[in-house]
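# Structural overview
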Amino acid sequence: MGDTGISAIWEGIVALGEDPRMIAMWFIAGALLYMGIAKKKEPLLLVPIASGILMANLPLGELIRVGGEGEPPGFLRVFQDFGLTTDLIPLLIFLGLGALTDFAPMLSNPKTILLGAGAQAGVFMALIGALLLGMTGVFDFGLLEAASIGIIGGADGPTTIFISTRMREIGQALPDVGVRDIVGATAVAAYSYMALVPIIQPPLIKLLTTKKERLIRMPYAMRPVSRRTKILFPIVTTIVVSVLVPKASPLIAIMMFGNLLKESGVVERLSNTAQNELMNIVIIILGLSVGATMPGSVFLQTETIAIFFLGLFAFMTATVAGILLAKLMNVFSGGTINPMIGAAGVSAVPMAARVVQDMAQKEDPENFLLMHAMGPNVAGVIGTATVAGVLLALVPALVGN
Amino acid sequence: MGDTGISAIWEGIVALGEDPRMIAMWFIAGALLYMGIAKKKEPLLLVPIASGILMANLPLGELIRVGGEGEPPGFLRVFQDFGLTTDLIPLLIFLGLGALTDFAPMLSNPKTILLGAGAQAGVFMALIGALLLGMTGVFDFGLLEAASIGIIGGADGPTTIFISTRMREIGQALPDVGVRDIVGATAVAAYSYMALVPIIQPPLIKLLTTKKERLIRMPYAMRPVSRRTKILFPIVTTIVVSVLVPKASPLIAIMMFGNLLKESGVVERLSNTAQNELMNIVIIILGLSVGATMPGSVFLQTETIAIFFLGLFAFMTATVAGILLAKLMNVFSGGTINPMIGAAGVSAVPMAARVVQDMAQKEDPENFLLMHAMGPNVAGVIGTATVAGVLLALVPALVGN
Amino acid sequence: MGDTGISAIWEGIVALGEDPRMIAMWFIAGALLYMGIAKKKEPLLLVPIASGILMANLPLGELIRVGGEGEPPGFLRVFQDFGLTTDLIPLLIFLGLGALTDFAPMLSNPKTILLGAGAQAGVFMALIGALLLGMTGVFDFGLLEAASIGIIGGADGPTTIFISTRMREIGQALPDVGVRDIVGATAVAAYSYMALVPIIQPPLIKLLTTKKERLIRMPYAMRPVSRRTKILFPIVTTIVVSVLVPKASPLIAIMMFGNLLKESGVVERLSNTAQNELMNIVIIILGLSVGATMPGSVFLQTETIAIFFLGLFAFMTATVAGILLAKLMNVFSGGTINPMIGAAGVSAVPMAARVVQDMAQKEDPENFLLMHAMGPNVAGVIGTATVAGVLLALVPALVGN
Amino acid sequence: MNWETFQEGLFVSGVGMGVVFVVLIVLQVTVVILGRFDRMTEAAPSDEPAASEPAPSAGSPATSQASTDVSPGVIAAIGAALALAEEELSPAVSSAHASARTVVVHPGNSWVQSGRARQMSSHSPGAVERRSL
Amino acid sequence: MNWETFQEGLFVSGVGMGVVFVVLIVLQVTVVILGRFDRMTEAAPSDEPAASEPAPSAGSPATSQASTDVSPGVIAAIGAALALAEEELSPAVSSAHASARTVVVHPGNSWVQSGRARQMSSHSPGAVERRSL
Amino acid sequence: MNWETFQEGLFVSGVGMGVVFVVLIVLQVTVVILGRFDRMTEAAPSDEPAASEPAPSAGSPATSQASTDVSPGVIAAIGAALALAEEELSPAVSSAHASARTVVVHPGNSWVQSGRARQMSSHSPGAVERRSL
Ligand code: NA
Ligand code: NA
Ligand code: NA
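What you see is a predicted model; the values in this text were computed from it and never measured.

## Some words on the overall build of chain A
Regarding its fold elements, chain A presents 21 helices and 0 strands. A compact globule built from 401 residues would reach a C-alpha radius of gyration of about 21 Å, and chain A, at 22 Å, matches this within 12%. For chain A, the residues scored as buried account for 76% of the 401 residues in total. Once local pairs closer than 6 in sequence are excluded, the contacts in chain A between residues at least 24 apart make up 78%. Carbon and sulfur atoms form 64% of the exposed surface of chain A, whose accessible area is close to 10,300 Å². Between the mean site of the 25 positive side-chain charges and the mean site of the 26 negative ones, chain A shows a separation of 16 Å.

Right, dumping it as structure tokens:
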């Protein structure tokens, strides 16, 4: 009895001494909380994610325990099993995002849609970069990990979580394949760099565009978009993308369903709930669950550093590719496209578009590019979902061979 | 590698070619969206249901896949398994409906309660009709399917979904019994005809009532209902119905709990959430889940046409039976009951009651029947839940023999 | 066929005759509804709990059935299995409570924190009392039951439900240990006595304090608390308590996460949802689930009476211990602490603090003690969560030997 | 499919219609009784706001006739403890309650007016959306 | 890790970029067509609000070429029953609908203005919080 | 039930009360330290709003003493990369932040007033409903 009691009293401190990586993770959680709260960068996700990291690094790990002997799985483990592993939570975020997204800027200016494709090159540059690092033997990256790292370049949080969870699960289901759990690292990288878009992009934009290009005005008397078009767009997009890339259909169909709730105009109460209460509940669960994938023993690996560098590389190459494609289109369109809007193709809605707007106004206060940049911006979301579908279709088949 | 890639690229188009019924279902989804969005008929359910149909008919069926090999069950499959098959979702709708329903018109005018019974004849007429069609050998309807089809006549969406899911599950659990999956067809029929009540009922009402009957005024100085009665009613009803028809207790107890939240007046925040946010979340899940029961291969059967005809027949016979009972009561009450209010017994709250109100005012602008028609209207909901309990008690026992 | 039908028609009445304890439970449910609705005492929990009791005591128990043969588990059984047994629901309540709690009164006046410890003596007095009753051989109380009964003295509903569910599950998982299901009894006792705090505490306070002591004024020019401190407090508390009492970490970490959502000020939409819509949904599920643990056959035992008496004893000894500790602190602080605020250490936020405020103002209308009493009040919540962690760490180990 | 199934369908229909009428008649009687009780208390307003609630408590001896392993004393003790405990706490509460009663006792005209108002406004979109889910 | 994996990565990248361009080009064409259709109906406003919707229904014979065990007649019957049933119910509804159409047909200036307004207010905190989850 | 169980109960009680006092004393000390820190920064307001946050980062070498297979350099690199990256972006943000600080530094009187107001209004139904779940 005495032994039981005494060991129980000290067990927290003992556990901490045995795995001091927990303490290191407290500081990482603190840094993310600082970024979210003091710097107000992506607080909606960073505060829950950082809290999840903290909860996953408390002695004995009560909140992420597997359970058994009368003890249920830990609070965060339940969320992970029923929300993350089933894709439910990232897809419900997509539902809310769909209900929040206004595709009108893209619909009224269809030629900017293509710019959403260019920026996806960042995904594949980072994927190849990860494989190259894997070939050095220092970092343990296979095709599954490379796909998860690459998708960071899509600058889309839920898609990143969706793909990295899928890749981990697929790897674990294959008997002969090892896979690292990098869900937390890729998610934190994605959200961190989305927060840092206003720092990452401007130097690259300046480097790759001439002042004359940046001064190109684009008329903002855009073509009006009928309600019918706004309603038909999500329906048609669901069908088109799903036929061409069936594995992208969950992401696209659910985002477009959310958008249909909004644009139909007849189910406002459903649209509001999808945007607000349901979204908030899901954000809390998503953030905590993702944070909880990062016990120190999982996160504090050399690979994590590589993931953060590759993620930054992905954001940068995506920006570069977007701008280069826009420059090309500018040439062919007779100088009517400001190449800066190509940088908005990296998604990170609406930060990337706002960066373009700010840079344009700095050089010419009368130049309003926001609406033109929103086109590639939201097209980039569709582009990244498409890329996710391609990865889901090809990677497991290649790895499974 | 090349093979894997090439087959993956075309797999969506190939799958579509192999099962073009998907394309047919897109048009059905489109028709339901048109009814919901352009015609504003039952949009809250029809928009999600139609979207669910669309999602269930995309190549490879990613959203309704069973899962395995590192892939979780599809988004809609998860909802179906955890929401529809467990009754959770239809019952949560009942919770919200209870919190939305005002039983005062019924409580202040108890003699109209009985009119909620007459209209239930429509359920059983359609049930027998389905069995007769089954006897022709053309349509594959047994007692389980007949019960699911009959309940369409209850004009109550969640009850229809509840019963048809139950019947399907019971049939699948019985080793020697085959059962068709007609959840989607019965649900779409129920909601479609509820939307069409203003078209279906008026000709029947005109046919079965004389102008003199339709001119009967009913005094609207109704007896006040005390708060105590409003609070005791849901409690007593739960007990009475559950003792008489135990299998109806989930539907009744949960609807009455919702009503108690409202009428108690002390838990407004719970009542509001049950009516709004929770309800909206549940409606989205219910609609998508029901829609997802309709892949083309399941829905496009000869039986589906029969279900739609029998559903219409059920609505019509329910209306006729309600009117005839009201005529009878009018005779016995010395001409003080306008027989039209019998038609409101088919539920479809509040459309059926409003049809009666409109027809009364067309002939006599000073005749206000809405509150009198709301009595049978809400009593019809209790009646249909009772019928559901009877079906759940008798049908499995009879089929299992 | 006739037999099946006839037995089905009477089965409700027959079941009622076979177990009339159901009827007794209706009156208990009625008494709780009366307390909640007419007396407006703790209606948020008592109305759902009483409704859950009613639903668990309907013939055939459709809402709490285990399921099988095509029938899913009952509505309330699903909630119990996925919400109560997994700790999810009590912990989500803690999330909302954290987002609702203002720790500023405690942070600005740290010396009152210790008063949150004294009142925990009530927990252990009741625990020992339960064991003494168990030794008489009349009541079947072992250490598991005694822990569940003791925690009633924490005056904290979700913690009580959390511990009594844990103890039940731990007992059921141990092959050689019997355990009673007293979740419902302890929960009802906790909420009932929380409602009765304004009756239970004043006589004890009067008995144990002199008029001179009750007249002690405490200055209300409290030290301001910086936003940084408010933000750091939940983070540091999570770490400190979790290191010292790892088994308390779920309760503390999640409550503190809720508080961080509020105090961070940057995620207001998440904080609002945690306090409102999510909280309301969880309250409904919690109340119904807890109520549903009380079929008459489980609740109507001699042990239940003992639980209610021990619960009252726990509240009383907690109050006494809190006051005595405050008297001691008053002596050492040179007469600057009004001993009445010790009674607020029993939690029951904010009733216990308000009792102190009311009693102070009755004797001296210029004496404002509410903010000083709120310190021990919220510290008592942390204290009770700590006690819960100790119980979870020690009791299973001792019982399992 | 066959004749036997059809007979079963007829049987279900007969029982079903019968049960529905029985249930709704019982409910109708219940509602009438509740209404009578309202008018009784309206005529002679009592100070016990929900006298109907404790009353059945007294009627619980019915349960003692059955074969329970719990004595009615146990039931009565638990029920009574709960029922007694919450007797009047503060005059403020009970007076607030009393004024609420007043509203309940004489709500006649206002209710009718609101009913009429509801009839008039029944075409508002809010009313339309309220049901049919 | 090895050379083969690297090649697979290159293959995935090539296919991926190709598919993304194809998908977005197809979407672009679709949007252009939807826009053309808008301007057509703007030029000659028709009384059929969503004429595009029933039209494809007629196009469904395409399905009959495949090996389904359901005749196109069945499909057509179901689709038509649903589509026909909801034809105009009351003048109130259709006139409300018509006025909604008017807004759709001539939204030009107001839309541009609101777009511009959004540009100006794009730094408001509400706008910032809206996305990037 | 037996004597041994009773002894276990006493043991649990003793440990429990001891741990509760230890935990709350540690918390009390923590809160006092946080408060001291507030008054320090109040006396000499610094421009680093959350100087306490980076500080522990420097203290992380403690972790290097233990047997981890990760060098402290790795930890420091990750932590630093995250902490450094978000340094000031735009003057608008930092000035908004600075004004928020001002409120934090001198909230004295208003807080006391609001506290008093809360005392006065503590009987409102909203306040009552807030807790006790
Ligand atoms: Na993107
Ligand atoms: Na009905
Ligand atoms: Na406490």
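## Let's talk about the coordination of the sodium ion (ligand 1)
Residue and element names in this part refer to chain A. Donor atoms from the polypeptide that coordinate the sodium ion (ligand 1) comprise G154 (O), S347 (OG), G380 (O) and T384 (OG1), at 2.1 to 3.1 Å from the metal. Summarised as a motif, the one-chain spacing of the donors to the sodium ion (ligand 1) is G-x192-S-x32-G-x3-T. One end of the pair, G380, and the other, T384, are both in helix α21 (residues 370–400), 4 residues apart, so they sit about a helical turn from each other. Here G380 falls in the buried class, since its relative accessible area comes to 0%.

## As for the relation of the copies chain A and chain B
Expressed as a screw operation, the relation of chain A to chain B combines 0.0 Å of axial shift with a rotation of 120°, fitting to an RMSD of 0.0 Å. Taken together, the rotation and translation describe the operation of a three-fold axis. Using C-alpha coordinates, one finds that chain A approaches the rotation axis most closely at A:E277, a distance of 4.0 Å. The share of interface residues of chain A whose copies in chain B are also at the interface is only 5%, consistent with the copies meeting through different surfaces.

## Comments concerning the pattern of salt bridges
According to the stated counting rule, one finds 51 salt bridges over all chains in the structure shown. A salt bridge links A:R217 to A:D364, with the shortest nitrogen-to-oxygen separation between them at 2.8 Å. Here the residue A:R217 occupies a position in the loop between α13 (211–214) and α14 (227–244), and A:D364 occupies one in the loop between α20 (351–363) and α21, the gap between them amounting to 147 residues. According to the relative accessible area criterion, A:D364 is buried, its value standing at 12%. Residue C:R168 is joined to C:D181 by a salt bridge in which the shortest nitrogen-to-oxygen separation is 3.2 Å. Residue C:R168 is located in helix α10 (residues 157–173), and its partner C:D181 is located in the loop between α10 and α11 (183–195); the two are separated by 13 residues in the primary sequence. C:R168 sits in the buried class, given a relative accessible area of 10%. Counted as one network, the salt bridges with shared partners bring together A:E62, A:R65, A:E71, C:D87, C:R166 and C:K247.

## Let's talk about a nonpolar patch on the surface
A surface patch of nonpolar side chains, amounting to about 300 Å² of accessible area, comprises A:W10, A:I13 and A:V14. Assignment of secondary structure puts A:W10 in helix α1 (residues 2–18).

## Some thoughts on the confidence of the model for chain A
Looking at chain A as a whole, the pLDDT averages 92, with 98% of positions reaching at least 70. Within chain A, α1(A) has the poorest average pLDDT of any element, 78, and helix α15 (residues 249–264) of chain A the best, 97.

## Digging into the confidence of the model for chain D
Residue and element names in this part refer to chain D. On average, residues of chain D score 53 in pLDDT, and 30% of them are at 70 or above. Contacts from residues 45–131, a stretch scored under 50 in pLDDT, to residues over four places away or in other chains number 102 contacts. Reported for the predicted complex are a pTM of 0.85 and an ipTM of 0.84.

## Section: the coordination of the sodium ion (ligand 3)
Residues and elements named next belong to chain C. Donor atoms from the polypeptide that bind the sodium ion (ligand 3) are G154 (O), S347 (OG), G380 (O) and T384 (OG1), placed at 2.1 to 3.0 Å. Donor residues binding the sodium ion (ligand 3) come from one chain and are separated in sequence as G-x192-S-x32-G-x3-T. Of this pair, G154 sits in the loop between α9 (143–150) and α10 while S347 sits in the loop between α19 (302–332) and α20 (351–363), and the two are 193 residues apart along the sequence.

## Some words on helix α8 (residues 121–135) of chain C
All names here are of chain C. Across its 15 residues, α8 extends 21 Å between first and last C-alpha, which sits within 8% of the 21 Å expected from 1.5 Å per residue. Most of α8 sits out of view: 11 of its 15 residues are buried. Where α8 is concerned, the buried positions are A121, G122, V123, F124, A126, L127, I128, G129, A130, L131 and G134.

## A few points about the interface of chain A and chain B
Opposite the 43 residues of chain A that make contact, chain B presents 45 residues. The junction of chain A with chain B conceals about 3,600 Å² of combined surface from both sides, 79% of it contributed by carbon and sulfur atoms. The interface formed by chain A and chain B includes 3 salt bridges. Residues B:R65 and A:D87 are paired through a salt bridge, measuring 3.9 Å at the closest nitrogen-oxygen approach. Along the contact surface separating chain A from chain B lie 5 residue pairs in polar contact (both at pLDDT 80 or more). The set of elements that each furnish at least two residues to the side of chain A that touches chain B consists of α5 (88–100), α10 (157–173), α14, α15, α16 (268–275), α17 (277–291) and α21 of chain A.

## Some words on α16(A)
In terms of residue burial, α16(A) counts as a mostly covered element, since 6 of its 8 residues are buried. Burial in α16(A) covers these residues: A:R269, A:L270, A:S271, A:T273, A:A274 and A:Q275.

## A word on the environment of A:Q201
Residues and elements named next belong to chain A. Mapped onto the elements, Q201 comes out in helix α12 (residues 197–208). Since its relative accessible area comes to 1%, Q201 is described here as buried. Taking the C-alpha atoms as reference points, Q201 and I149, separated by 52 residues in sequence, lie 20 Å from one another. When neighbours within four sequence positions are excluded, Q201 is seen to be in contact with T319, A343, V346, A352 and V355. Within polar-contact distance, the side chain of Q201 engages the backbone oxygen of A343 at 3.1 Å.

## Considering the packing of aromatic side chains
For the coordinates displayed, the defined rule picks out 24 aromatic pairs over all chains. Between B:F139 and B:F141 the ring centres are 6.0 Å apart and the planes differ by 10°, which places this aromatic pair in the stacked class. Judged on exposure class, the residue B:F139 and its partner B:F141 are both buried. Judged by centre distance (6.4 Å) and plane angle (85°), the ring pair of C:F299 and C:F308 falls under edge-to-face. The same class applies to C:F299 and to C:F308, which are both buried.

## Considering the packing of helix α8 (residues 121–135) of chain A against helix α19 (residues 302–332) of chain A
Residue and element names in this part refer to chain A. Between α8 and α19, whose axes approach to 7 Å, the crossing angle comes to 145°. Handedness of the crossing formed by α8 with α19: right-handed. Residues A121, G122, M125, A126, G129, A130 and L133 of α8 form the contact with α19, whose own contacting residues are A306, L310, F313, A314, T317, A318 and A321. A per-class count over the contact of α8 with α19 returns 11 nonpolar, 3 polar and no charged.

## Regarding the side chain of C:E277
On the secondary structure map, C:E277 appears in helix α17 (residues 277–291). Excluding anything up to four places from it in sequence, C:E277 contacts A:E277, B:T273, B:E277 and C:N272.

Definitions and cut-offs
Residues numbered from 1 in each chain as written. Chains lettered and ligands numbered in written order. Predicted model: local features only at pLDDT ≥ 70, side-chain atom pairs only at ≥ 80, totals over all residues. Heavy atoms only, no water. Helix = DSSP H or I, 4+ residues; strand = E, 2+ residues; numbered from the N terminus. Rg over C-alpha atoms; globule rule 2.2 N^0.38 Å. Buried < 20%, exposed > 50% of the residue type's maximum accessible area, 1.4 Å probe, protein only. Contact = heavy atoms within 4.5 Å. Areas by Shrake-Rupley, 256 points an atom, 1.4 Å probe, with all protein chains shown as cover. Lys, Arg positive; Asp, Glu negative; His and termini not counted. Charge placed at Lys NZ, Arg CZ, Asp CG, Glu CD. Donors = N, O, S within 2.8 Å, 3.2 Å for Na, K, Ca; no water. Least-squares fit on C-alpha atoms with pLDDT ≥ 70 in both. Salt bridge = Lys/Arg side-chain N within 4 Å of Asp/Glu carboxyl O. Patch = residues over 30% accessible without salt bridge, like charges linked within 9 Å, V, L, I, M, F, W, Y side chains within 5 Å. pLDDT = per-residue confidence, 0-100. Expected span 1.5 Å × (residues − 1). Buried area = accessible area lost by both parts, 1.4 Å probe. Polar contact = N/O pair within 3.5 Å; in protein donor to acceptor, adjacent residues only side chain to side chain. Phe/Tyr/Trp six-rings, centres within 6.5 Å; stacked < 30°, edge-to-face > 60°. Axes fitted to C-alpha atoms, helices over the stretch in contact; angles between N-to-C directions. Left-handed = near helix turned anticlockwise from the far one by under 90°. Nonpolar A, V, L, I, M, F, W, Y, C, P; charged D, E, K, R; others polar.

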